[in-house]
Amino acid sequence: MKKRQSFKISGRIIWLSSLFLGVIVSLPNLIQHQYNIYEVIANSLITFVFSLFVWYYNMLTLPVYTSHEVARGFSLYPLIKNLLVGLVVMFLLSYIQQLILTHINFGPVMLMFEVRGVLINLTFYMFIHMLYQTYQNQRVSIELERTRMDNLAAQYELLRQQVNPHFLFNTLNTLKYMVESEDEHSVDFILKLSDFYRFTLENRKLDLIHLSEEMKILEAYIFLLKARFEEGFEVNIQVEESLQKSMIPPFTLQLLVENCIKHNVVAPDKPLYVEIYSEKDFIVVKNNVQPKITPEASTGIGLENINERYNHLLNRNIDICPESSTFTVKLPVINEDNHY
């Protein structure tokens, strides 16, 4: 449910401006030196009360804008509604005056008050909505700036994780071992390492890439991990072909697999199993839980980074489902036509 923003106008301004109008409308009669004091008081009081009503009624009936609706501009319907309500209220005030001051010719006086009411209503309506529009524009600007800063911070964290020094160090150690032992897969390992960092350079500035491209990044990354952990690491990928053209923030799957390695034991006698599959409108990454005896220090920034990017791009959160034996992360599928 949308909540009204805390837009306010000082009560002092409302009351003083209403009182000022009440005094102003009586000045012509006071200057002529020929006037009925009761008519002057009634004239001023009606204008004062009506002005107060217009102020507070306009404040209470302001539309509830969101950041996506603030640019919709001027709407004629609320103005017409306010004018009609104002005409009814002014008629009632004029009628009350007629009941008190019976000698006044109701028709001309009522017409004068109605014209005055329309002018006051129009002036206050335009003034309040101008202030409100300015206020909402400022809020949107602040929100956009905050979102931009959050996105920059998320991109920085993403880059930091992509060029993880521990991953690079371990990868080079594995390569050194393979070369020294004349492993026949050394050349493939070097090519996959090259592919992985080439993908990193090509996609690091993009908000979204096709899932098929993400799978190429993941394939290179898994090859490097398999060369390091061998039988201690197994990955099963079952993603529907129809989802290959969907979108995903780059390196999301790689970060999730890296998260599995970071927090769990990976050994031939205790292999880590990772499943990546599609389930309805989600891409699911699931692993068995086997915590390290000495867990690595974690701030949870990896999952937070992914969640922030989904929230920013799709206005949705990822689903994180920790259980005693498994840890599951569900990523909402992003179709090409439903992101901005």
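Structure shown above.
In this report, the structure presented in the accompanying data block is examined.

**A look at the packing of helix 8 (residues 211-229) against helix 9 (residues 252-263)**
The geometry of a pair of packed helices is captured by two quantities: the angle between their axes and the separation between those axes.
(1) Moving on: Where helix 8 contacts helix 9, the two axes come as close as 8 Å, and the packing angle between them is 25°. One finds that helix 8 runs roughly parallel with respect to helix 9. Touching Leu211, Glu214, Met215, Leu218, Tyr221, Leu225 and Phe229 of helix 8 are Thr252, Leu253, Gln254, Val257, Glu258 and Ile261, all from helix 9.
(2) Moving on: A per-class count over the contact of helix 8 with helix 9 returns 9 nonpolar, 2 polar and 2 charged.

**Structural notes on the sheet that holds strand 5 (residues 282-288)**
(1) Moving on: The strand order across the open sheet formed by 5 strands is 2-4-5-7-6, and the pairing between neighbours is mixed. Each having just a single partner strand, strand 2 (233-238) and strand 6 (319-322) make up the two edges of the open sheet. Looking at each pair of strands side by side, their axes are set apart by 10° on average, direction ignored.
(2) Moving on: Bridge count for strand 4 (residues 272-279) against strand 5 is 6 bridges, and the pairing is antiparallel. The residue of strand 5 that forms the bridge with tyrosine 277 is valine 284.
(3) Moving on: Of the strands in this sheet, strand 2, strand 4 and strand 5 are in contact with helix 8, which crosses strand 2 at around 160°.

**Points about a nonpolar patch on the surface**
(1) Moving on: Residues Leu16, Leu19, Phe20, Val23, Ile24, Leu27, Leu30 and Ile31 make up a contiguous nonpolar surface patch of about 730 Å² in total accessible area.
(2) Moving on: Breaking the nonpolar patch down by element, the ones donating at least two residues are helix 1 (11-24) and helix 2 (27-31).
(3) Moving on: Broken down by element, the nonpolar patch gets its largest block of residues, 5 residues, from helix 1.
(4) Moving on: Residue placement: leucine 16 occurs in helix 1.
(5) Moving on: Residue leucine 16 is classed as exposed on the basis of its relative accessible area, which comes to 52%.

**Here we look at empty space enclosed by the protein**
(1) Moving on: The full count for this structure, using the stated rule, is 4 cavities of 30 Å³ or more.
(2) Moving on: Computed from the structure, the second largest cavity encloses a volume of approximately 40 Å³.
(3) Moving on: Every residue along the wall of the second largest cavity is listed here: Leu211, Ser246, Met247, Ile248, Ile283, Tyr310, Leu331, Pro332, Val333 and Ile334.
(4) Moving on: Among the secondary structure elements, those contributing two or more residues to the lining of the second largest cavity are strand 3 (247-248) and strand 7 (326-332).
(5) Moving on: When grouped by side-chain class, the residues that make up the lining of the second largest cavity number 9 nonpolar, 1 polar and no charged.

**Focus on the packing of aromatic side chains**
(1) Moving on: Within this structure, the stated rule accounts for 7 aromatic pairs.
(2) Moving on: Relative to phenylalanine 127, the ring of tryptophan 55 has its centre 6.2 Å away and its plane inclined at 85°; by these criteria the two rings are edge-to-face. Here phenylalanine 127 lies in helix 5 (residues 106-162) and tryptophan 55 lies in helix 3 (residues 37-60), a separation of 72 residues in the sequence.
(3) Moving on: Relative accessible area serves as the criterion here: at 2%, tryptophan 55 is assigned to the buried category.

**Considering the pattern of salt bridges**
(1) Moving on: As enumerated under the stated definition, the model contains 4 salt bridges in all.
(2) Moving on: Two residues, lysine 192 and glutamate 219, come together in a salt bridge whose shortest N-O distance is 3.4 Å. Here lysine 192 is found in helix 7 (residues 186-203), whereas its partner glutamate 219 is found in helix 8, with 27 residues between them in sequence.
(3) Moving on: One salt bridge in this structure joins lysine 330 and glutamate 279, with 3.1 Å as the shortest N-O distance.

**Brief notes about the environment of phenylalanine 251**
(1) Moving on: Among the secondary structure elements, phenylalanine 251 is positioned in the loop between strand 3 and helix 9.
(2) Moving on: Sequence separation of phenylalanine 251 and glutamate 214 is 37 residues, and the distance between their C-alpha atoms is 6.6 Å.

**As for the side chain of asparagine 288**
(1) Moving on: Here asparagine 288 shows up in strand 5.
(2) Moving on: With relative accessibility at 19%, the residue asparagine 288 sits in the buried group.
(3) Moving on: Within the structure, asparagine 288 has its side chain in polar contact with the backbone nitrogen of tyrosine 273 (distance 2.8 Å).

**Overview of the nonpolar core**
(1) Moving on: Core analysis: the biggest nonpolar cluster contains 46 residues, and Leu211, Phe233, Leu253, Ile276, Ile283 and Leu331 have the highest contact counts within it.
(2) Moving on: Per element, the largest residue contribution to this core is 10 residues, and it comes from helix 8.
(3) Moving on: Other than its neighbours up to four places away in sequence, isoleucine 276 contacts Leu218, Val235, Asn236, Ile237, Gln238, Val239, Val257, Ile283, Val284 and Val285.
(4) Moving on: Residues Ile9, Phe50, Val89 and Ile120 belong to the second largest nonpolar core, which totals 21 residues.

**A word on the pairing of strand 7**
A regular strand carries its side chains on alternate faces of the sheet.
(1) Moving on: With 5 of 7 residues buried, strand 7 is to be regarded as a mostly interior element.
(2) Moving on: Direction of pairing for strand 5 relative to strand 7: antiparallel, over a ladder of 7 bridges. When the bridges of strand 7 are listed, lysine 286 appears paired with threonine 328.
(3) Moving on: With 4 bridges joining them, strand 6 and strand 7 adopt antiparallel strand pairing. Residue pairing across strands places proline 322 opposite phenylalanine 327, the latter belonging to strand 7.
(4) Moving on: From the end of strand 6 to the start of strand 7, which pair antiparallel, there are 3 residues.

Procedures and definitions
- Residues numbered from 1 in each chain as written.
- Predicted model: local features only at pLDDT ≥ 70, side-chain atom pairs only at ≥ 80, totals over all residues.
- Heavy atoms only, no water.
- Axes fitted to C-alpha atoms, helices over the stretch in contact; angles between N-to-C directions.
- Helix = DSSP H or I, 4+ residues; strand = E, 2+ residues; numbered from the N terminus.
- Parallel < 35°, antiparallel > 145°, perpendicular 65-115°, else oblique.
- Contact = heavy atoms within 4.5 Å.
- Nonpolar A, V, L, I, M, F, W, Y, C, P; charged D, E, K, R; others polar.
- Pairing = 2+ DSSP bridges.
- Patch = residues over 30% accessible without salt bridge, like charges linked within 9 Å, V, L, I, M, F, W, Y side chains within 5 Å.
- Areas by Shrake-Rupley, 256 points an atom, 1.4 Å probe, with all protein chains shown as cover.
- Salt bridge = Lys/Arg side-chain N within 4 Å of Asp/Glu carboxyl O.
- Buried < 20%, exposed > 50% of the residue type's maximum accessible area, 1.4 Å probe, protein only.
- 1 Å grid on protein atoms, 1.4 Å probe; cavity = no way out; pocket = protein on both sides within 12 Å on 5 of 7 lines; lining within 4 Å.
- Points joined across faces, edges and corners; volume = space filled by probe spheres on them.
- Phe/Tyr/Trp six-rings, centres within 6.5 Å; stacked < 30°, edge-to-face > 60°.
- Polar contact = N/O pair within 3.5 Å; in protein donor to acceptor, adjacent residues only side chain to side chain.
- Core = buried A, V, L, I, M, F, W, Y, C linked by side-chain atoms within 4.5 Å.

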